[in-house]
Amino acid sequence: MSLKINELCINCDVCEPVCPNKAISMGPDIYVIEADLCTECVGHFDEPQCVSVCPVECIDPDPDHPESQEQLLAKLAQLQAEGAAP
Ligand code: SF4
Ligand code: SF4
């Protein structure tokens, strides 16, 4: 399941650089996560790095993009094959 930034985001910028897949960017009002690029950090870290650094806990699972652990690992492999993830 990719993650989603909710309206409590204060645009503090700290999550953007810690995402291994460059899935986070500034949106029209607050930061947003590109669901196709978010892997919940599986294969890179033990926990989602954006959630770890967010000072206001405004990053939640995105129920519109349910994915199993296996699907997330396959997504990471695909991103790596495309050169979109390290
Ligand atoms: S969970 Fe990981 S991959 Fe997804 S947006 Fe956060 S830092 Fe990026
Ligand atoms: S770390 Fe949290 S508050 Fe800061 S920009 Fe990212 S989502 Fe928004």
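Data block above holds the structure.
To keep things clear, this report deals only with the structure shown in the data block. (Residues numbered from 1 in each chain as written. Chains lettered and ligands numbered in written order. Predicted model: local features only at pLDDT ≥ 70, side-chain atom pairs only at ≥ 80, totals over all residues. Heavy atoms only, no water.)

Looking at the overall build of the protein chain
Quick note on the threshold: Here a helix means four or more residues in a row that DSSP labels H or I, a strand means two or more in a row labelled E, and each is numbered from the N terminus. As defined in this context, the radius of gyration uses C-alpha atoms, and a globule is described by 2.2 Å times the residue total to the power 0.38. Accessibility here uses a 1.4 Å probe with only protein chains present; expressed as a share of the type maximum, an area under 20% marks a residue as buried, one over 50% as exposed, and anything in between as partly exposed. Two residues form a contact once any of their heavy atoms are found within 4.5 Å.
In terms of helices and strands, the protein chain carries two helices and four strands. Traced from its N-terminal end to its C-terminal end, the protein chain shows the element sequence β-β-β-α-β-α. Taken over C-alpha atoms, the radius of gyration comes to 12 Å for the protein chain, in line with the 12 Å a tight globule of 86 residues would show. Seen through its C-alpha atoms, the protein chain measures out along the principal axes to roughly 35 × 25 × 25 Å. Counting only residues that meet the buried cut, the protein chain has 35% of its 86 residues in that class. Taking the intrachain contacts of the protein chain between residues at least 6 apart in sequence as the baseline, contacts between residues at least 24 apart amount to 69%.

A closer look at the environment of Val 51
Mapping Val 51 onto the fold places it in helix H1 (residues 49-53). Residue classification places Val 51 among the partly exposed residues on the basis of a relative accessible area of 38%. Counting along the chain gives 16 residues from Val 51 to Ala 35, while the straight-line C-alpha distance between them is 15 Å. In this structure Val 51 touches Leu 3 and Ile 59, once residues within four positions along its chain are discounted.

A few points about the site of ligand 2
Under the convention used in this document: Summary of the distance rule: residues count as near a molecule or strand when at least one heavy atom falls within 4 Å of that molecule or strand. Residues were grouped as follows: Ala, Val, Leu, Ile, Met, Phe, Trp, Tyr, Cys and Pro as nonpolar; Asp, Glu, Lys and Arg as charged; and all remaining residues, including Gly, as polar.
Residues in close proximity to ligand 2 total 14 residues, the closest being Cys 9, Ile 10, Cys 12, Cys 15 and Cys 54. When the residues that make up the shell around ligand 2 are grouped by side-chain class, the tally is 12 nonpolar, one polar and one charged.

A closer look at the site of ligand 1
Around ligand 1 sit Leu 3, Cys 19, Pro 20, Asn 21, Ile 24, Ile 33, Cys 38, Thr 39, Glu 40, Cys 41, Pro 48 and Cys 50, and those are all the residues in its vicinity. Classifying every residue of the shell around ligand 1 by side-chain character gives nine nonpolar, two polar and one charged.

Observations regarding the pattern of salt bridges
Convention followed: Throughout this description, the term salt bridge denotes a Lys or Arg side-chain nitrogen within 4 Å of a carboxyl oxygen of Asp or Glu.
If you walk through the whole model with that rule in mind, you get one salt bridge. Residue Glu 67 is joined to Lys 75 by a salt bridge in which the shortest nitrogen-to-oxygen separation is 3.0 Å. A relative accessible area of 14% means that Lys 75 is categorised as buried.

Remarks on the environment of Glu 57
By the secondary structure assignment, Glu 57 is in the loop between H1 and strand E4 (59-61). Overall, the relative accessible area of 70% leaves Glu 57 in the exposed class. In this structure the C-alpha to C-alpha distance between Glu 57 and Ser 25, which are 32 residues apart in sequence, comes to 17 Å.

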